[in-house]
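What follows is each chain in one-letter form.
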Amino acid sequence: MAQGTTPDIRSASYTAPVKWSERSHPRVLIGGAGAPNYGDELILKGWMDHLGETLPPETNLVFFENIARYCTALHLPEGHPLADRVKFKDRLARLSKQYELPTIWHYIEHGYDFMRNFGFVECNHKSFAEMFDSETIHFHGGGYLSNAGAKKAIHIGMAASFAKYYGTRVVATGIGFGPITDHCPDRAKFQEILGQFESFEVRDAISLEQLREIAPDANVHHGTDDCFILPLEKVVRRDSSVRRLHLSFSHGQMDGYPASFWPWLAAEAKGFDEVVYWESYPYFDQQVVESLRPMIPDIKVHPIDSLLFDPPAVGSEDVFITHRFHVHYAAARIGARGFYLARTPYYVQKHESIAHLGSGLQPLAMENPPSLQNLPAASPLDEVTLRAKKLAVAANCYRPVISAP
């Protein structure tokens, strides 16, 4: 791919943006929250809670996410204790949507060359001032880097450019990368970009395989999903007072469900005291719930804000059916039984990563589903080990401010 012809950022003719913070060096995090979407919001909340508790109180946190106003409304309600320390911005996300490039690899390279080609000057560097002032740029977890989300990959290259030109410590945690079907056209360039990251943690084996095959010398390692930054009690609470069926579907996948699935679900739902729906993507999930009500009139809904700030009850006899990845994680962490739906390579990669950890949820054969009554008991994931791994990663990312657990 052709290189830009403008002067190098390190030349004498370039003047870096003025540092903005008079209070403290901010800590910048980049991610995919703000749609809103349950998994991404859970991860954002986890890092907010953790860093708010462990970093010095004078430290500001700046999150570059999808839609800033949604993040603010959901995560910083009036009276929130971090209201004067946390800021949400979406300039990076809006910037990435301006480009139409062939593949995810082109977006990554464009982000890397953006600074060298005076991109920040041309698009008003004040919108990104905190990035220039931060000691660390943290690319936090989520599954938003795939063929479908290729535009967001520009952020990988941008973060790497701060490491190259400013010496900023750049790290990534809990990343789901792929699946990617496009060929990487410049492996040497991608190796250089990923090599700028001090540490690049991925959450599943397929992500690790893809990145190590292309960038074998980069510090890519297989870790855990970023949901483990939150303790289990902030995700779900134990309550076996009633027997519940927990549902979570993806609106975009439902047209492919076999027609026989819905009568089966309606019949099985009658065997539970409650049927509850986990709202992961509010706008589309409202349509899903309305389609379920004629079959399950008493269905209850856990709104996304309730899921985040008033963890839902899950009992020892509860059963899950979920298309959503982080609903699966919630079930697996507490040791629930049930089934997951994975009908595309993207969801297969995600759900199998939890299955490999020992999840009690199994893939559902939708054409011939079994009874949901009397399913065998399931064991919870190894919460102590998995959470300890994530806390160790956090400690390393924010050293020396946070001591290792």
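Structure: above.
Every chain is numbered on its own, with residues counted from 1 as its sequence reads. Confidence filtering applies because this is a predicted model: local features only for residues at pLDDT of at least 70, side-chain atom pairs given and counted only at 80 or more, and all residues used for totals across whole chains, interfaces and linings. Hydrogen atoms and water are omitted, and side-chain values are computed over all heavy atoms in the structure.

Considerations on the side chain of serine 199
Turning to its location among the elements, serine 199 is positioned in strand 7 (residues 199–202). Sequence-distant contacts of serine 199, defined by excluding residues within four places in its chain, comprise Val170, Val171, Ala172, Asn219 and His221. In DSSP terms, a helix is any run of H or I states spanning at least four residues, a strand is any run of E spanning at least two, and both are numbered starting from the N terminus. Residue contacts follow a heavy-atom distance rule, with two residues in contact if any of their heavy atoms lie within 4.5 Å.

Let's talk about the pairing of strand 4 (residues 136–139)
Type-normalised accessible area, obtained with a 1.4 Å probe on protein chains alone, sets the label of each residue: buried when under 20%, exposed when over 50%, and partly exposed for intermediate values. Residues of strand 4 alternate between two faces, with Thr136 and His138 on one and Ile137 and Phe139 on the opposite face, all of them buried. Direction of pairing for strand 1 (residues 27–30) relative to strand 4: parallel, over a ladder of three bridges. Looking across to strand 4, one finds that isoleucine 30 is bridged to phenylalanine 139. The rule for pairing is simple: two strands pair if DSSP sees at least two bridges between them.

What to know about the nonpolar core
For the purposes of this section, nonpolar cores are sets of buried Ala, Val, Leu, Ile, Met, Phe, Trp, Tyr and Cys residues that join through side-chain atoms within 4.5 Å. Membership of the largest hydrophobic core comes to 49 residues, with the highest contact counts inside it found for Phe197 and Phe200. Here this core takes eight residues from helix 7 (residues 154–166), the largest share from any one element. Not counting the four nearest positions on each side in its chain, phenylalanine 200 is found in contact with Ile156, Ala172, Ile175, Leu194, Leu211, Asn219, Val220 and His221. Leu232, Ala330, Ile334 and Leu361 belong to the second-largest nonpolar core, a separate cluster that totals 29 residues.

Some words on the pattern of salt bridges
If the charged atoms of two oppositely charged side chains come close together, the side chains can form a pair. In the sections that follow, a salt bridge refers to a side-chain nitrogen of Lys or Arg positioned within 4 Å of a carboxyl oxygen of Asp or Glu. By the definition in use, this model includes 25 salt bridges. When the shortest N-O distance is used, the salt bridge between glutamate 53 and lysine 234 registers 3.6 Å. Placement of glutamate 53 in helix 1 (residues 38–54) and of lysine 234 in the loop between strand 8 (220–222) and strand 9 (237–238) is noted, with a sequence separation of 181 residues between them. Between lysine 151 and glutamate 100 there is a salt bridge, with the nearest N and O atoms lying 2.7 Å from each other. A residue pair is termed long-range when its members are at least 10 positions apart, and lysine 151 in the loop between strand 5 (142–145) and helix 7 and glutamate 100 in the loop between helix 3 (91–96) and helix 4 (104–114) qualify at 51 residues. A single network of salt bridges, built from pairs that share partners, joins Arg237, Asp239, Arg244, Glu274, Lys300 and Asp318.

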